[in-house]
Amino acid sequence: MVMLDTLSNALNELTNADRRAKKEVIISPASRLIIQTMRLLQSEGYIGEIEYIDDGRQGKLKIQLLGRINKAAAIKPRYSLKVSELSALPEWLKKKLPSREIGILIISTSKGIMSHHQTIKENTGGILLGYVY
């Protein structure tokens, strides 16, 4: 089976395992983008401990679930956003998050993977990867 978007697959695995009330999930392959995204979700309190398992191939991530994810998905196509667009939240972004205070947008910036709250504080734009709430 060919994986075209590994980040989308990882976020879908998180959502599906959390809906089934699993305590942990194993995500494969583990790329640098996926690891940084999971660290962001960990710092925001959506997931627990992250453990990297080296299997001699691409690696795997063992992630502890806390039961706080309602929906996690990738956004395609990956839009580029300016700071002014983030503070105003366009209409198509309002459709992704339930409200302004619930959930985060995952954005890839030149300073790393950040939430939309952090990018507004840092006054930087980036490319929209996905959302979690």
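Given the structure is predicted, the values throughout are model-derived calculations rather than measurements. The numbering scheme is per chain: residues are counted from 1 as the chain's sequence reads. Confidence filtering applies because this is a predicted model: local features only for residues at pLDDT of at least 70, side-chain atom pairs given and counted only at 80 or more, and all residues used for totals across whole chains, interfaces and linings. Side-chain measures were taken over the full set of non-hydrogen atoms in the model, leaving aside hydrogen atoms and water.

Points about the domain arrangement of the protein chain
Examined at the domain level, the protein chain breaks down into domain 1 (6-65) and domain 2 (72-132). Note that the domain bounds were set by an automatic or database domain assignment. Taking only C-alpha atoms, the centre of domain 1 and the centre of domain 2 are 20 Å apart. Across the boundary between the two partners, domain 1 contributes 12 residues, which contact 14 residues of domain 2. Buried area: the accessible surface (1.4 Å probe) lost by two parts on joining, summed over both. Regarding the contact of domain 1 and domain 2, the summed buried area is about 1100 Å², with carbon and sulfur atoms giving 70% of it. Among the residues domain 1 hides against domain 2, the three largest losses belong to Leu 11, Leu 40 and Tyr 46. Together they make up 39% of the total. One speaks of a salt bridge when a side-chain nitrogen belonging to Lys or Arg is within 4 Å of a carboxyl oxygen belonging to Asp or Glu. At the surface where domain 1 touches domain 2, the tally comes to zero salt bridges. Contact between two residues is taken to exist if any of their heavy atoms lie within 4.5 Å; hydrogens are not considered.

Concerning the packing of aromatic side chains
Working definition: rings of Phe, Tyr and Trp (its six-membered ring) pair if their centres are within 6.5 Å, and the pair is stacked with planes under 30 degrees apart, edge-to-face with planes over 60 apart, and tilted otherwise. In total, this model carries one aromatic pair according to the counting rule given. Geometrically, the ring pair formed by Tyr 131 and Tyr 133 is stacked, given 6.1 Å between the ring centres and 10° between the ring planes. Three labels apply to residues, based on accessible area from a 1.4 Å probe with only protein chains included: buried if under 20% of the type maximum, exposed if over 50%, partly exposed otherwise in between. Of the residues examined, Tyr 133 reaches a relative accessible area of 23% and is grouped as partly exposed.

Description of the pattern of salt bridges
Inspection of the entire model under this criterion finds four salt bridges. Residue Arg 78 pairs with Asp 5 through a salt bridge whose shortest N-O separation is 3.1 Å. Taken together, the positions of Arg 78 in the loop between strand 4 (72-74) and strand 5 (80-81) and Asp 5 in the segment before helix 1 (6-19) put the pair 73 residues apart, joining distant regions of the chain. Residue Arg 78 is classed as partly exposed on the basis of its relative accessible area, which comes to 36%. On the basis of relative accessible area, Asp 5 is assigned to the buried category, the value being 13%. One salt bridge in this structure joins Lys 62 and Glu 24, with 3.9 Å as the shortest N-O distance. A residue pair is termed long-range when its members are at least 10 positions apart, and Lys 62 in strand 3 (residues 60-65) and Glu 24 in strand 1 (residues 24-27) qualify at 38 residues. Per the convention used, a helix needs a DSSP run of H or I reaching at least four residues, while a strand needs a run of E reaching at least two, with both numbered from the N terminus.

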